[in-house]
Amino acid sequence: MRPGGLVAAATINRYAAVHGTIQLGHYVRAPERQAALAAATGGVMLSPGRGFTAYFHDPDDVPGEFADAGFPEVGRYGLEGAFWLYGDLDDWLDDPGRRALLLDAQRVMESEPSLLGVSGHLLTLARRPL
């Protein structure tokens, strides 16, 4: 990468499986609950029903990984924030006025460190030093 170039990494939040299985109503099933809790504590999600493996990240671990790769300054953004957990999210997104309000609200909170753990996915950005 050339000096000043941008690097981006999208990661799945370590807590996304717990939030998602509760939001979908699957947390009451022992296999889904156990898989979600394993992802939250160990970072590896072994899907009991879909047969895939996913690797999740703790929001506070990603900046260290960037620093180890030579990118000491990062920007972190929660892509969904808490809004992905709302039951009427599609209604908000389908209405242009409400969608604009929702996106404005998300911009205010997208980089708040105390809220990064609730977003299902995170985007981390850094520039290669000059």
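Residues numbered from 1 in each chain as written. Predicted model: local features only at pLDDT ≥ 70, side-chain atom pairs only at ≥ 80, totals over all residues. Heavy atoms only, no water.

Novice: I'd like to hear about the packing of aromatic side chains, residue by residue, with values.
Specialist: Per the stated rule, a full pass over the model turns up two aromatic pairs. Taking the centre distance of 6.3 Å and the plane angle of 65° together, the rings of phenylalanine 66 and phenylalanine 71 count as edge-to-face. The same class applies to phenylalanine 66 and to phenylalanine 71, which are both buried. On the numbers, 5.3 Å between centres and 80° between planes, the contact of phenylalanine 83 with tyrosine 86 is edge-to-face. One cation-aromatic arrangement involves arginine 98 over tryptophan 92; the distance from NZ or CZ to the ring centre is 4.4 Å. (Phe/Tyr/Trp six-rings, centres within 6.5 Å; stacked < 30°, edge-to-face > 60°. Buried < 20%, exposed > 50% of the residue type's maximum accessible area, 1.4 Å probe, protein only. Lys NZ or Arg CZ within 6 Å of the ring centre and 35° of its normal.)

Novice: Break down the nonpolar core for me, with residues and values.
Specialist: Of all hydrophobic cores here, the largest spans nine residues; its members are Ala17, Val18, Ala35, Ala36, Ala39, Ala40, Met45, Ala54 and Phe56. Elements supplying a minimum of two residues to this core: α1 (16–24) and α2 (30–42). Broken down by element, this core gets its largest block of residues, four residues, from α2. Look past the residues within four positions of valine 18 in its chain and what remains in contact with it is Tyr27, Ala36, Leu37 and Ala40. (Core = buried A, V, L, I, M, F, W, Y, C linked by side-chain atoms within 4.5 Å. Helix = DSSP H or I, 4+ residues; strand = E, 2+ residues; numbered from the N terminus. Contact = heavy atoms within 4.5 Å.)

Novice: Summarise the sheet that holds strand β5 (residues 121–127); cite the residues concerned and give the values.
Specialist: Strand order in the open sheet formed by three strands is β1-β5-β4, with antiparallel pairing between adjacent strands. Edge positions in the open sheet fall to β1 (6–12) and β4 (75–78), since each of these has one partner strand only. Each strand axis lies, on average, 20° off the axis of its neighbour in the sheet, ignoring direction. As judged from the seven bridges shared by β1 and β5, these two strands associate in the antiparallel manner. In the sheet register, valine 7 faces β5, and the bridge partner there is alanine 126. (Pairing = 2+ DSSP bridges. Axes fitted to C-alpha atoms, helices over the stretch in contact; angles between N-to-C directions.)

Novice: Would you mind going over the pattern of salt bridges in detail, with residue names and values included?
Specialist: Under the counting rule described, the total for this entry stands at four salt bridges. For aspartate 104, the salt bridge identified is with arginine 107, shortest N-O distance 2.9 Å. Taken as a pair, aspartate 104 and arginine 107 lie in helix α5 (residues 96–109) at a separation of three residues, close to a single helical turn. The class of aspartate 104 is partly exposed, set by a relative accessible area of 43%. (Salt bridge = Lys/Arg side-chain N within 4 Å of Asp/Glu carboxyl O.)

Novice: For a negative patch on the surface, give the residues involved together with the corresponding values.
Specialist: A cluster of like negative charges, contributed by Asp90, Asp91, Asp94 and Asp95, occupies part of the molecular surface. Mapped onto the fold, aspartate 90 is located in helix α4 (residues 89–94). When its relative accessible area of 54% is taken as the criterion, aspartate 90 is described as exposed. (Patch = residues over 30% accessible without salt bridge, like charges linked within 9 Å, V, L, I, M, F, W, Y side chains within 5 Å. Areas by Shrake-Rupley, 256 points an atom, 1.4 Å probe, with all protein chains shown as cover. Lys, Arg positive; Asp, Glu negative; His and termini not counted. Charge placed at Lys NZ, Arg CZ, Asp CG, Glu CD.)

Novice: Describe α2, listing the residues and the values that go with them.
Specialist: Compared with an ideal rise of 1.5 Å per residue, which puts 13 residues at 18 Å, α2 spans 18 Å between its outermost C-alpha atoms and is within 8% of the ideal. Within the span of α2, buried status applies to Glu32, Ala35, Ala36, Ala39 and Ala40. Viewed along the axis of α2, the buried residues span an arc of 135°, placing them on a single side of the element. Structural note: α2 exposes Gln34 and Thr41 on the side pointing more than 90 degrees away from its buried face. Along its buried surface, α2 packs onto α1 and β2 (44–46). Directly after α2, the chain includes glycine 43, whose backbone phi takes a positive value near 85°. (Expected span 1.5 Å × (residues − 1). Arc of directions from axis to C-beta.)

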